[in-house]
Amino acid sequence: MDAAVLHNLGTRPQCEQFPEPVAGDGEVVVHVHAASLKPVDKQIANGSHYAAARAFPCICGTDGVGHLEDGQRVFFGGCRPPYGAMAQRTVVPKAFTFPVPEGLNDEVAAAIVNPAVSAWLALSLRARLAAGENVLILGATGIAGRLTVSIAKLLGAGRVVAAGRNQPILDSLRQASADGTIQLDRPAEDIQQSMIREAGEFGFQVVIDYLWGKPTEAFLAAITNRKFAAIGAEIRLVQVGESAGPAISLPAAVLRSTALTILGTAGIPNRSAMVDAVHQVLASAASGKLHLDTSPIPLKSIDAAWERDPQGRRIVIIP
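Residues numbered from 1 in each chain as written. Predicted model: local features only at pLDDT ≥ 70, side-chain atom pairs only at ≥ 80, totals over all residues. Heavy atoms only, no water.

Comments concerning the packing of aromatic side chains
Working step 1: Tallied over the entire structure, the rule returns one aromatic pair.
Working step 2: Here Phe18 and Tyr83 contribute two aromatic rings whose centre-to-centre distance is 5.5 Å and whose plane-to-plane angle is 85°, an arrangement assigned as edge-to-face. Placement of the pair is Phe18 in the loop between strand S2 (14-17) and strand S3 (27-37) and Tyr83 in the loop between strand S6 (73-77) and strand S7 (89-93), with a sequence separation of 65 residues.
Working step 3: Exposure remark for Phe18: the relative accessible area of 10% places this residue in the buried category. (Phe/Tyr/Trp six-rings, centres within 6.5 Å; stacked < 30°, edge-to-face > 60°. Helix = DSSP H or I, 4+ residues; strand = E, 2+ residues; numbered from the N terminus. Buried < 20%, exposed > 50% of the residue type's maximum accessible area, 1.4 Å probe, protein only.)

Right, dumping it as structure tokens:
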């Protein structure tokens, strides 16, 4: 069968022949329709992710959409190494397959689950977003960030503010679902003042941070009290990504003057929470409440697709 085969860390996968998968106990073979190409797939392939491949050759890709032997169309994940999603067929645990609703096409279903489930769990499980609470999203102009804006609204957030560098996307978010926006491509002092203004009287109770680095430092400076005062509601900051930098400077005054809790996404959550999030995301996408633009590319062009920038779309590999 054709597959996106990786022979060494740090190289690009090539479309090559690979042995057919055989299902073991509790496993199923999936005939793949579409597999998304995500940043995590590239990190695994270049060795920078903690789940990087350790045996070669192997097939790239962590999840996708396909059909089982009985014809059922499913979203799948958890491919058993050396198999991956970017192949004509793969093998996964039966428990890691989820029915795809009618009306949701293969490409969108394959692309939307990973970033949307991550956002859903960051908001509901880690931040424990309550109805009416205010949310700030640092990095809202990326694929995951834009979905987070919509999901925060679906989960009952009061005010949702989107922060990012891409002004046209910020404008579109303001027109669609964001209650406010912050342009991050400005001096730190200007960003701090914008954050203070957008926080308003009631502040932010939840921050989903895809950036880290300087934007996070600007937020911490904005919330630091400069005088003795009663501490307001707790702020739960969930650290998801580090596209603006891997480290921050955290002054002690931030923690002494604010009710700030910093959380990580903590890897894979409990199974029931993840299963519920997958079903919620697929249903919301099928009903049009969540959407993601895709750019389908044939598996035979995986080498060229690997470094392509689809400009706000998710590349989906079609075997």
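Right, picking up where we left off after that structure.
Quick notes on the sheet that holds strand S1 (residues 2-6)
Strands belonging to one sheet form pairs held by backbone hydrogen bonds; the direction of such a pair is parallel or antiparallel.
Working step 1: The antiparallel open sheet is built from three strands, whose spatial order is S2-S1-S4. Each edge of the sheet is formed by a strand with only one pairing partner; in this case those strands are S2 and strand S4 (58-59). (Pairing = 2+ DSSP bridges.)

Some thoughts on helix H6 (residues 213-223)
Working step 1: Taking burial as the measure, the 11 residues of H6 include eight buried ones, the bulk of the element.
Working step 2: For H6, the complete set of buried residues consists of Gly213, Pro215, Thr216, Ala218, Phe219, Leu220, Ala222 and Ile223.
Working step 3: Those residues of H6 hidden inside the fold are in contact with strand S9 (135-138), helix H5 (188-199), strand S12 (206-209), strand S13 (235-239), helix H7 (252-257) and strand S14 (260-264). (Contact = heavy atoms within 4.5 Å.)

As for the environment of Ala109
Working step 1: Looking at where Ala109 falls in the secondary structure, it is placed in helix H2 (residues 106-126).
Working step 2: Given the relative accessible area of 0%, Ala109 is considered buried.
Working step 3: Apart from the residues within four sequence positions on either side, Ala109 is in contact with Val65, Phe75, Val100 and Leu104.

Overview of the packing of H2 against helix H3 (residues 143-154)
Working step 1: At their nearest, the axes of H2 and H3 sit 9 Å apart, and the two run at 50° to each other. One element, H2, and the other, H3, form an angle in the oblique class. Relative to H3, the crossing made by H2 is right-handed. When H2 is examined against H3, the residues Ile112, Pro115, Ala116, Ala119, Trp120 and Leu123 are found in contact with a partner set consisting of Ile143, Ala144, Leu147, Thr148, Ile151, Ala152 and Leu154.
Working step 2: Of the residues in the contact of H2 with H3, the class split is 12 nonpolar, one polar and no charged. (Axes fitted to C-alpha atoms, helices over the stretch in contact; angles between N-to-C directions. Parallel < 35°, antiparallel > 145°, perpendicular 65-115°, else oblique. Left-handed = near helix turned anticlockwise from the far one by under 90°. Nonpolar A, V, L, I, M, F, W, Y, C, P; charged D, E, K, R; others polar.)

Some thoughts on the pattern of salt bridges
Working step 1: Summed over all chains, the structure comprises 13 salt bridges.
Working step 2: Salt-bridge contacts for Lys38 lead to Asp41; the nearest nitrogen and oxygen are separated by 2.9 Å. Each of the two residues, Lys38 as well as Asp41, counts as buried.
Working step 3: Salt bridges sharing common partners tie together Arg12, Asp303 and Glu307. (Salt bridge = Lys/Arg side-chain N within 4 Å of Asp/Glu carboxyl O.)

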